[in-house]
Amino acid sequence: MTRRRILIVEDEGIIARDLQRQLTDMGYDTVGIATDAAEAIATAEEHHPDLALMDIHLDGKEDAIDAAIALRSRLGIPSIFVTAYATREVVSKAKTAAPVGYLIKPFDELRLRTTIEIGLHS
């Protein structure tokens, strides 16, 4: 069975590396860690992951929501948002990207695994 490939989009290095470790422990391959929207799109175009795990708030002109919209529309790659923000405004804007999941930080490994599994089969 082919291991599923996930792109991590997270501008906090410690969090990104921890997510990468968790994903590896769960049996997923990570195609890279992008720290902004432009890098996320470029990495996805190069490596064609099965899923993007994205922090909503990133540095740069575009945010993760813009990147998620581009990944889905241009490459057919679904996204799961990972964020500490769940205000009505943020959730409303996030819905425009049609994410397959939305995880509120902090979360446990079981919640991460379950959300990824559902997202990969959406």
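For the structure itself, look to the data block above.
Quick caveat: nothing in here was measured; it's all calculated off a predicted structure.

S.K.: With reference to specific residues and values, describe the environment of Pro49.
M.R.: Counting through the fold element by element, Pro49 comes out in the loop between helix H2 (37-47) and strand S3 (51-55). For Pro49, a relative accessible area of 6% gives the class buried. Through-space distance from the C-alpha of Pro49 to that of Met26 is 16 Å; in sequence the pair is 23 residues apart. Non-local contacts of Pro49, meaning those with residues more than four positions away in its chain, are made with Arg5, Ile6, Leu7, Val31, Ala44 and Ile77.

S.K.: I'd love a proper account of the nonpolar core, names of residues and values included.
M.R.: Ranked by internal contacts, the top residues of the largest apolar core, which has 23 residues, are Leu7, Val9, Met54, Leu71 and Phe81. Sorting the residues of this core by element identifies strand S1 (5-9), strand S2 (29-34), H2, S3, helix H3 (64-75) and helix H4 (88-95) as the ones contributing at least two each. At six residues, the largest contribution of residues to this core is made by H3. Ignoring any residue separated from it by four or fewer positions in sequence, one finds Leu71 in contact with Ala40, Ile41, Ala44, Ala52, Met54, Gly76, Ile77 and Ser79. Judged by nonpolar contacts, the second largest core, of 16 residues, contains Leu23, Leu53, Val100 and Ile116.

S.K.: Describe the packing of H2 against H3, and please don't skip the residues or the numbers.
M.R.: Two elements in contact, H2 and H3, have axes whose closest approach is 9 Å; the angle formed by their N-to-C orientations is 25 degrees. By the angle class used here, H2 and H3 are roughly parallel. The handedness of the crossing between H2 and H3 comes out as right-handed. Note on element contacts: H3 touches H2 through Ala67, Ala70, Leu71, Arg74 and Leu75, opposite Ala37, Ala40, Ile41, Ala44 and Glu45. Classifying every residue of the contact of H2 with H3 by side-chain character gives eight nonpolar, no polar and two charged.

S.K.: Pulling in residues and values, what's your account of unusual backbone geometry?
M.R.: Cis rather than trans, the peptide bond between Lys105 and Pro106 has omega equal to -10 degrees. Its identity is not glycine, yet His48 carries a phi of approximately 50 degrees, on the positive side. Within the fold, His48 resides in the loop between H2 and S3. With a phi angle near 50 degrees, Ala98 is a residue other than glycine that sits in the positive phi range.

Quick notes on the rules
Residues numbered from 1 in each chain as written. Predicted model: local features only at pLDDT ≥ 70, side-chain atom pairs only at ≥ 80, totals over all residues. Heavy atoms only, no water. Helix = DSSP H or I, 4+ residues; strand = E, 2+ residues; numbered from the N terminus. Buried < 20%, exposed > 50% of the residue type's maximum accessible area, 1.4 Å probe, protein only. Contact = heavy atoms within 4.5 Å. Core = buried A, V, L, I, M, F, W, Y, C linked by side-chain atoms within 4.5 Å. Axes fitted to C-alpha atoms, helices over the stretch in contact; angles between N-to-C directions. Parallel < 35°, antiparallel > 145°, perpendicular 65-115°, else oblique. Left-handed = near helix turned anticlockwise from the far one by under 90°. Nonpolar A, V, L, I, M, F, W, Y, C, P; charged D, E, K, R; others polar.

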